[in-house]
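Survey of secondary and tertiary structure
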Amino acid sequence: MKNICELLKTKYPVIQGGMANIADHCLASAVSNAGGLGVIAAGGNNPEWVRAEIRKCRELTSGWFGVNIMLMSPHASAIAEVVIEEKVPVVITGAGNPGPYVEGWKRAGIVVIPVIASVALAKRMERAGVDAVIAEGTEAGGHVGELTTMALVPQVADALGIPVIAAGGIADKRGVVAAFVLGAKGVQLGTVLLASEECPVHPNYKQKILEAKDTDTVVTGRRTKAPVRVLKNPMAREYLRLSESGVSLEELEKMTLGSLRKAVLDGDLENGSFMAGQISGLVKEIKPVRKIFEEMFLEADAYKEQLRIL
Ligand code: TUI
């Protein structure tokens, strides 16, 4: 089985989460320059925005990077073409089944890694010819599935012959070691990178993560087909209230994406949607990406024995 660092041309077996409206060329290039795979999140943006971000990222790093395509976006199929035209080395997909696109991406020589939340989709993805999968547990921030990382990762690892990358609930060296023990060959990090120096979100967003305790996230929209984990605030409570009162799914989705922007750009603590994972409670300090990776993968003295499995 191919080593993740060889597959992704990285120093560390780590992929940056494709955080919609947050992960632009600044964060992606910082992560790639620090030894991980930086990722530009297409989110709900249009194809031209994605093309421009790819080009800006290339100016800031000579390393490999990826584009995360959020499949619920109406622009997903157009962005699927842009990544081929721009010769992006790695494509990651989320929030859906990328089956129809895989053959075209593979023909273009792209490394393809879907995020999956079940063994069934993981198996279909392997048959479709993807290079690895990211098994994302419900501890993660943003759009989530039902299963925990602890339950999902070993079941996916046993079912597949391709590498599994664990996501959801990982923010330090203990999480990395645990993921590898469960059968993962790499990790995807979101929340801890949100609180990095290089992450281009409003300072209030980072502060909210630093202040969060273990029970401070909630899943909004379990009723819709797009449950989303966010930090508790007035907006989250209002969303839950409206959701229970029966407003349309479309209305709810619009509310989430618009309010994510309010959190990211304005740091609006009342009306913003602060997507973040359950591991927020463990994140206590804003650090440069390079330091986050070094502490996870190099300074793990007490874990040297276990880290031999990396
Ligand atoms: O996609 C994510 N996380 C996201 S996307 C996002 S933007 C957004 N904003 C408002 C509403 C909805 C989305 C914020 N966070 N993570 C990857 C992920 N993919 N988690 C779970 C899944 C998933 C779930 C079901 C992937 C495939 C799937 O299968 C569907 C099928 O057709 O079988």
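None of these values were measured; they are calculated from a predicted model.

1. A word on the overall build of the chain
Counting its regular elements, the chain contains 14 helices and eleven strands. Rg of the C-alpha trace for the chain: 18 Å, near the compact-globule value of 19 Å for 310 residues, within the 12% margin. For the C-alpha atoms alone, the extent of the chain along its principal axes is close to 50 × 45 × 40 Å. Looking at the chain residue by residue over its 310 residues, the buried ones come to 56%. Restricting the contact set of the chain to residue pairs at least 6 apart, pairs at least 24 apart contribute 61%. Of the roughly 13200 Å² of accessible surface on the chain, 51% is carried by carbon and sulfur atoms. Each charge class in the chain was averaged separately, 35 positive and 35 negative side chains, and the resulting centres sit 3 Å apart.

2. Section: the pairing of strand S8 (residues 164-167)
Across the two faces of S8 the burial is the same, with Val164 and Ala166 and Ile165 and Ala167 all buried. With four bridges connecting them, strand S6 (residues 133-136) and S8 associate as parallel partners. Within S8, the residue paired with isoleucine 134 across the bridge is isoleucine 165. Handedness of the crossover joining S8 and strand S9 (residues 186-189) through helix H8 (residues 173-181) is recorded here as right-handed.

3. A word on the pairing of S9
In S9, alternate side chains face the same way, and those of Gly186 and Gln188 on one face and Val187 and Leu189 on the other are all buried. Note: strand S1 (residues 14-16) against S9, three bridges, orientation parallel. Paired with glutamine 16 across the two strands is leucine 189, which belongs to S9. Sheet topology places S8 next to S9; three bridges connect them, and they run parallel. Within S9, the residue paired with isoleucine 165 across the bridge is glycine 186.

4. Let's talk about the environment of alanine 166
With respect to the helices, strands and loops of the structure, alanine 166 is situated in strand S8. We classify alanine 166 as buried; its relative accessible area is 0%. Each C-alpha atom, one on alanine 166 and one on lysine 185, is 7.8 Å from the other, the two residues being 19 residues apart in sequence. Excluding residues within four positions of it along the chain, alanine 166 makes contact with Ala135, Thr149, Val153, Ala179, Ala184, Gly186, Val187 and Gln188.

5. Description of the side chain of threonine 149
Position of threonine 149 among the secondary structure elements: in helix H7 (residues 149-159). Residue classification places threonine 149 among the buried residues on the basis of a relative accessible area of 7%. Those residues in contact with threonine 149 that lie beyond four places of it in its chain are Gly137, Thr138, Glu139, Pro154, Ala166, Ala167, Gly168 and Leu182.

6. Here we look at the side chain of threonine 217
Along the chain, threonine 217 falls in strand S10 (residues 217-220). Side-chain polar atoms of threonine 217 contact the side chain of arginine 229, separated by 3.0 Å. In this structure threonine 217 touches Arg229, Val230, Leu231, Lys232, Ala276, Gly277 and Gln278, once residues within four positions along its chain are discounted.

7. Comments concerning the site of the ligand
Close to the ligand lie 17 residues; Met72, Ala95, Val115, Glu136 and His143 are nearest. At a separation of 3.0 Å, a nitrogen atom of the ligand approaches a polar backbone atom of alanine 95. One of the backbone N or O atoms of histidine 143 is found 2.9 Å from a nitrogen atom in the ligand. Breaking the shell around the ligand down by element, the ones donating at least two residues are strand S7 (142-143) and helix H12 (249-266). A class-by-class count of the residues in the shell around the ligand yields ten nonpolar, six polar and one charged. When residues of the shell around the ligand are assigned to domains, at least three map to each of domain 1 (7-114 + 165-197 + 288-307) and domain 2 (203-279).

8. Quick word on the confidence of the model for the chain
Low-pLDDT stretches of the model should not have their predicted coordinates read in fine detail. Summarising the model, the chain shows a mean pLDDT of 94, and 96% of its residues fall at 70 or more. The least confident element of the chain, judged by mean pLDDT, is helix H14 (residues 304-307) at 62; the most confident is strand S2 (residues 38-41) at 99.

9. Observations regarding the pattern of salt bridges
The tally for this structure, following the rule as stated, stands at 13 salt bridges. With a closest N to O distance of 2.7 Å, aspartate 172 and arginine 174 form a salt bridge. Because the salt bridges share partners, they merge into one network encompassing Glu48, Arg51, Arg55, Glu85 and Glu86.

10. Some words on the domain arrangement of the chain
Here the domain parsing of the chain yields domain 1 (7-114 + 165-197 + 288-307) and domain 2 (203-279). Distance between the C-alpha centres of domain 1 and domain 2: 23 Å. Across the domain 1 to domain 2 interface the summed buried area is about 1100 Å²; carbon plus sulfur atoms make up 68%. Summed over the shared surface of domain 1 and domain 2, the result is zero salt bridges. Linking domain 1 to domain 2 there are three residue pairs in polar contact (both at pLDDT 80 or more). In terms of residue class, the side of domain 1 that touches domain 2 is made up of seven nonpolar, four polar and one charged.

Definitions and cut-offs
- Residues numbered from 1 in each chain as written.
- Predicted model: local features only at pLDDT ≥ 70, side-chain atom pairs only at ≥ 80, totals over all residues.
- Heavy atoms only, no water.
- Helix = DSSP H or I, 4+ residues; strand = E, 2+ residues; numbered from the N terminus.
- Rg over C-alpha atoms; globule rule 2.2 N^0.38 Å.
- Buried < 20%, exposed > 50% of the residue type's maximum accessible area, 1.4 Å probe, protein only.
- Contact = heavy atoms within 4.5 Å.
- Areas by Shrake-Rupley, 256 points an atom, 1.4 Å probe, with all protein chains shown as cover.
- Lys, Arg positive; Asp, Glu negative; His and termini not counted.
- Charge placed at Lys NZ, Arg CZ, Asp CG, Glu CD.
- Pairing = 2+ DSSP bridges.
- Right-handed = clockwise from strand over helix to strand, strands pointing away.
- Polar contact = N/O pair within 3.5 Å; in protein donor to acceptor, adjacent residues only side chain to side chain.
- Near = heavy atom within 4 Å.
- Nonpolar A, V, L, I, M, F, W, Y, C, P; charged D, E, K, R; others polar.
- Domains from an automatic or database assignment.
- pLDDT = per-residue confidence, 0-100.
- Salt bridge = Lys/Arg side-chain N within 4 Å of Asp/Glu carboxyl O.
- Buried area = accessible area lost by both parts, 1.4 Å probe.

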